[in-house]
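Observations on chain architecture
Next come the chains, spelled out residue by residue.
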Amino acid sequence: MHVAHLTLHDFRSYADIDVALEPGATAFIGRNGQGKTNLVEAIDYLSRLSSHRVATDTPLVRAGADQAIVRASVVKEGRTALLEVELNPGRANRARINRSPLPRPRELIGVVRTVVFAPDDLTLVKGDPSDRRKFLDDLLVLRVPRLAGVRSDYDRILKQRNSLLKTAGVARGGSRDAAMSTLEIWDDNLARVGAELLGARLRLVEDLRPYLGKAYEAVARGASRDDADLDYKPSVDVDSTSDLPQALLDAIATRRKDELDRGISLVGPHRDELLLTLGNADLRLPVKGYASHGESWSFALALRLASYDLLRADGDDPILVLDDVFAELDGERRNQLAQLVAGAEQVLVTAAVAADVPEALQGVRFVVADGQVTRDA
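None of these values were measured; they are calculated from a predicted model.

The rules we used
Residues numbered from 1 in each chain as written. Predicted model: local features only at pLDDT ≥ 70, side-chain atom pairs only at ≥ 80, totals over all residues. Heavy atoms only, no water. 1 Å grid on protein atoms, 1.4 Å probe; cavity = no way out; pocket = protein on both sides within 12 Å on 5 of 7 lines; lining within 4 Å. Points joined across faces, edges and corners; volume = space filled by probe spheres on them. Nonpolar A, V, L, I, M, F, W, Y, C, P; charged D, E, K, R; others polar. Pairing = 2+ DSSP bridges. Helix = DSSP H or I, 4+ residues; strand = E, 2+ residues; numbered from the N terminus. Axes fitted to C-alpha atoms, helices over the stretch in contact; angles between N-to-C directions. Contact = heavy atoms within 4.5 Å. Phe/Tyr/Trp six-rings, centres within 6.5 Å; stacked < 30°, edge-to-face > 60°. Buried < 20%, exposed > 50% of the residue type's maximum accessible area, 1.4 Å probe, protein only. Core = buried A, V, L, I, M, F, W, Y, C linked by side-chain atoms within 4.5 Å. Polar contact = N/O pair within 3.5 Å; in protein donor to acceptor, adjacent residues only side chain to side chain. Salt bridge = Lys/Arg side-chain N within 4 Å of Asp/Glu carboxyl O.

1. Some thoughts on the layout of surface pockets
Estimates place the volume of the largest pocket at around 1,300 Å³. Taken together, 48 residues form the lining of the largest pocket, with Arg48, Ser50, Lys134, Asp138 and Arg151 sitting closest to its centre. Within the lining of the largest pocket, the residues separate by chemical class into 20 nonpolar, 11 polar and 17 charged.

2. Some remarks on the sheet that holds strand 14 (residues 364-369)
Spatially, 6 strands are ordered 8-12-13-3-14-15 in an open sheet, and the strand pairing comes out mixed. Looking at the sheet topology across the chains shown, the edges are occupied by strand 8 (114-117) and strand 15 (372-375). The average undirected angle you get between the axes of adjacent strands in this sheet is 20°. Packing against the sheet, helix 9 (residues 293-314) makes contact with strand 8 and strand 12 (319-323), and its axis sits at approximately 170° to strand 8.

3. Comments concerning the sheet that holds strand 11 (residues 284-286)
The strand order across the open sheet formed by 3 strands is 9-10-11, and the pairing between neighbours is antiparallel. Looking at strand neighbours, the two that pair on one side only are strand 9 (228-233) and strand 11, the edges of this open sheet. Direction aside, neighbouring strands of the sheet carry axes that sit 35° apart on average. One ladder, built from 6 bridges, connects strand 9 with strand 10 (residues 273-279); its direction is antiparallel. Bridge pairing in strand 10 places aspartate 231 opposite leucine 275. Most of the contacts of helix 5 (residues 173-219) go to strand 9, to which it runs at about 170°, and overall it touches strand 9 and strand 10. Strand contacts of helix 9: strand 9 and strand 10, with the helix running at about 125° to strand 10, the strand carrying the most contacts.

4. Things to note about the packing of aromatic side chains
Applying the stated criterion to the full structure yields 2 aromatic pairs. A centroid spacing of 5.4 Å and a plane angle of 20° characterise the contact between phenylalanine 28 and phenylalanine 366, whose relative ring orientation is stacked. Separated by 338 residues along the polypeptide, phenylalanine 28 in strand 3 (residues 24-29) and phenylalanine 366 in strand 14 bring together distant segments of the chain. Overall, the relative accessible area of 5% leaves phenylalanine 366 in the buried class. Consider the rings of tyrosine 216 and phenylalanine 299, whose centres lie 5.9 Å apart with planes at 50°: the pair is tilted. Separated by 83 residues along the polypeptide, tyrosine 216 in helix 5 and phenylalanine 299 in helix 9 bring together distant segments of the chain. Each member of the pair tyrosine 216 and phenylalanine 299 is classed as buried.

5. Structural notes on the nonpolar core
Phe117, Phe299, Leu322, Leu337 and Leu361 are the most contacted members of the largest nonpolar core, which totals 80 residues. It is helix 5 that contributes the most residues to this core, 17 residues altogether. For phenylalanine 117, the contacting residues outside a window of four places in its chain are Leu301, Arg304, Leu305, Leu320, Val321, Leu322, Asp323, Val325 and Leu337. Grouped together as the second largest cluster of nonpolar side chains are 43 residues, Leu8, Val19, Tyr45 and Leu60 included.

6. Structural notes on the environment of serine 47
In this fold, serine 47 is placed in helix 1 (residues 36-48). According to the relative accessible area criterion, serine 47 is buried, its value standing at 0%. Considered as a pair, serine 47 and isoleucine 319 are 272 residues apart in the sequence and their alpha carbons are 9.5 Å apart. At a separation of 3.1 Å, a polar atom in the side chain of serine 47 contacts the main-chain carbonyl oxygen of valine 112.

7. Quick notes on the pairing of strand 10
Most of strand 10 sits inside the fold, with 5 of its 7 residues counted as buried. Where strand 10 and strand 11 come together, 3 bridges link them in antiparallel fashion. Along strand 11, the bridge assignment pairs threonine 277 with proline 286.

8. Describing the side chain of aspartate 187
Inspection of the secondary structure puts aspartate 187 in helix 5. Using a relative accessible area of 4% as the deciding quantity, one classes aspartate 187 as buried. The contact partners of aspartate 187, leaving out residues within four places of it in the chain, are Arg161, Leu249, Ile252 and Arg256.

9. A closer look at the pattern of salt bridges
Per the stated rule, a full pass over the model turns up 32 salt bridges. Among the salt bridges present, the one from arginine 201 reaches aspartate 137, with a minimum N-O distance of 2.8 Å. Of this pair, arginine 201 sits in helix 5 while aspartate 137 sits in helix 3 (residues 129-143), and the two are 64 residues apart along the sequence. Exposure remark for arginine 201: the relative accessible area of 3% places this residue in the buried category. Residue arginine 312 is joined to aspartate 317 by a salt bridge in which the shortest nitrogen-to-oxygen separation is 2.8 Å. Under the relative-accessibility criterion, arginine 312 is labelled partly exposed at 40%. Note on aspartate 317: relative accessible area 18%, which makes it buried.

Geometric values such as these leave the question of function open.
Next comes the structure, spelled out in structure tokens:
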């Protein structure tokens, strides 16, 4: 799979731009602020309908414009499909495949798949649990696109339930009885949808584990594939035989008073953690707080490489995006990463200077400056 052509209209800094792309390695070279990352961000957006840089769509629309359009020709197994998404901040987005409208934009998710390496990847290791949960959910959705709807439903239920907890916590008499009765309905909804999301995350971690060890061994000098591990820590006690919806309901009942006192949901996938550890069977330590800067970077890179290998094992070569990541790495890790990904069907690299692009990824080069994207002869 590769993107053969990218067209942007009022996306980020670009009023209109057309770029023809090829399989193999392509580098976009330009000083900071010239728009090179905007190009790869657009391709990643088509993959997940979200950006790896911002949480909402509003910053993606060029200042003064009402909407943005991202359009790409994608070649898969010799056949070309035209993907298009129309971003309408404050209104519903729209998506098309081969000019035919899709009933829901999220049906576009997973048609093209990307794995993005970026400077912010260090937050996967050093950041909050929410960063690691997002990493898992983004990968889940690429593997099983229908889970985008499950995640959206869960977020909606959680918001409604938190609002109700705040109301019930201060209500009195009949109003409290009514709020508590309604809360039980939302308990069931959270347990039902949360269990599906929780189960999917648990399975994903098991699938990802062997790829992580292999990837860490490849990027960390002197490491073995048993050194790096990950484990999922739910907010409820579960094992392989657990009835997940019931486990969530039981935990909710146990925490009922605390939830009412605080006005927030204290049980569910939104409270879970992905534990990242280094060491051996005798002593395993959390990466966060114990790993060196170099080990943390190696682990973050290994998570992305493991994601790529897992998606590839599912059947398709994802498009690899290396967004200004080489400037963050020392020479050894830079070359190791380049050699590991050089065989991908399509690798898109952004860099401030050409010297930051390793030799293994020397392919087609574009210069990005003053709103123009020019192929370097």
